[in-house]
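# A closer look at the structure
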Amino acid sequence: MSNWIDSGGDEPRLYSARPTNCKSERRWIGSGTRWRSVTRLACTVALIGLAAPFGHARDRGQFVNTNADLKAWFDSLRSGKGPCCSDADGSALSDTDWESKDGHYRVRVPRLGYVLDGQQQELVWVDVPEEAVISEPNRVGRTMVWPIYGYMGVTIRCFMPGSMT
């Protein structure tokens, strides 16, 4: 009979001292992780590819009767904050929805850029920054505003004053 305490049979060993085949285990684990990542990437690309056609702009014929020169003029409008985009992005304002005082403008626009359950939107007064005012002559005569809706609220990208009647 042997003395098991002296033989070292149950003595704890360091992990590095144990005989293992770690290299083959690592290769299979790494390979599985790699394939899982490739599969996720392929699925993401496929979903983007399937959703992309729904995000394209469409011409539904709403601008068929638009004067080509006027459309080109709208597309070329710029303020100090950048291009205004188009007449489709702007909104015409009635005389009661904008005012001028001491060379500064203020407009009344919807608080949100979308409609909630068909309810009437709350209108808020927003100061127009100096750089958002379009300085060239207004060829359409009506007052127009190009609002931008973001997480900080509504700001004005472009404003083109009309003639108050």
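Attention here is on the structure that accompanies the text.

Now for the overall build of the chain. When helices and strands are tallied, the chain shows three helices and eight strands. Order of helices (α) and strands (β) in the chain, N terminus to C terminus: α-α-α-β-β-β-β-β-β-β-β. With 165 residues in all, the chain has 21% of them scored as buried. When the accessible surface of the chain is split by element, carbon and sulfur atoms take 56% of a total near 12900 Å².

Time to look at the sheet that holds strand E4 (residues 98-101). Strand order in the open sheet formed by three strands is E4-E5-E6, and the pairing between neighbours is antiparallel. Edge positions in the sheet fall to E4 and strand E6 (123-127), since each of these pairs with one other strand and no more. With strand direction ignored, the average angle separating the axes of adjacent strands in the sheet is 20°. Two elements, strand E5 (residues 104-110) and E6, share five bridges in a ladder whose sense is antiparallel.

Attention now goes to the nonpolar core. In this structure, Val107, Val126, Val128, Val145, Ile156 and Phe159 are the most contacted members of the largest nonpolar core, which totals 13 residues. Contributions of two or more residues to this core are made by E5, E6 and strand E8 (153-160). Grouped together as the second largest cluster of nonpolar side chains are nine residues, Cys84, Ile134, Trp146 and Cys158 included.

For the rest of this paragraph, the subject is the pairing of E4. Looking at chain direction, E4 and E5 are connected through four bridges and run antiparallel. In the strand pairing of E5, Lys101 is matched with His104. Taken together, E4 and the strand that follows it, E5, pair antiparallel across an intervening segment of two residues, in which Asp102 is found at a positive phi of about 55°.

What follows deals with the pairing of E8. Of the strand pairs in this sheet, strand E7 (residues 143-150) and E8 are connected by seven bridges, and their pairing is antiparallel. Across the sheet, residue Tyr149 finds its bridge partner in E8, namely Val154. Two successive antiparallel strands, E7 and E8, enclose a turn made up of two residues.

Let us look at the environment of Asp95. With respect to the secondary-structure elements, Asp95 resides in the loop between strand E3 (91-93) and E4. Taking the relative accessible area as the measure of exposure, Asp95 reaches 27% and is therefore partly exposed. Between the C-alpha atoms of Asp95 and Val107, which are twelve residues apart in sequence, the distance is 9.8 Å.

Checked against the element boundaries, Asp97 lands in the loop between E3 and E4. When its relative accessible area of 14% is taken as the criterion, Asp97 is described as buried. Apart from the residues lying within four places of it in its own chain, the contact partners of Asp97 are Arg106, Val107, Arg108 and Trp125.

Cut-offs applied
- Residues numbered from 1 in each chain as written.
- Predicted model: local features only at pLDDT ≥ 70, side-chain atom pairs only at ≥ 80, totals over all residues.
- Heavy atoms only, no water.
- Helix = DSSP H or I, 4+ residues; strand = E, 2+ residues; numbered from the N terminus.
- Buried < 20%, exposed > 50% of the residue type's maximum accessible area, 1.4 Å probe, protein only.
- Areas by Shrake-Rupley, 256 points an atom, 1.4 Å probe, with all protein chains shown as cover.
- Pairing = 2+ DSSP bridges.
- Axes fitted to C-alpha atoms, helices over the stretch in contact; angles between N-to-C directions.
- Core = buried A, V, L, I, M, F, W, Y, C linked by side-chain atoms within 4.5 Å.
- Contact = heavy atoms within 4.5 Å.

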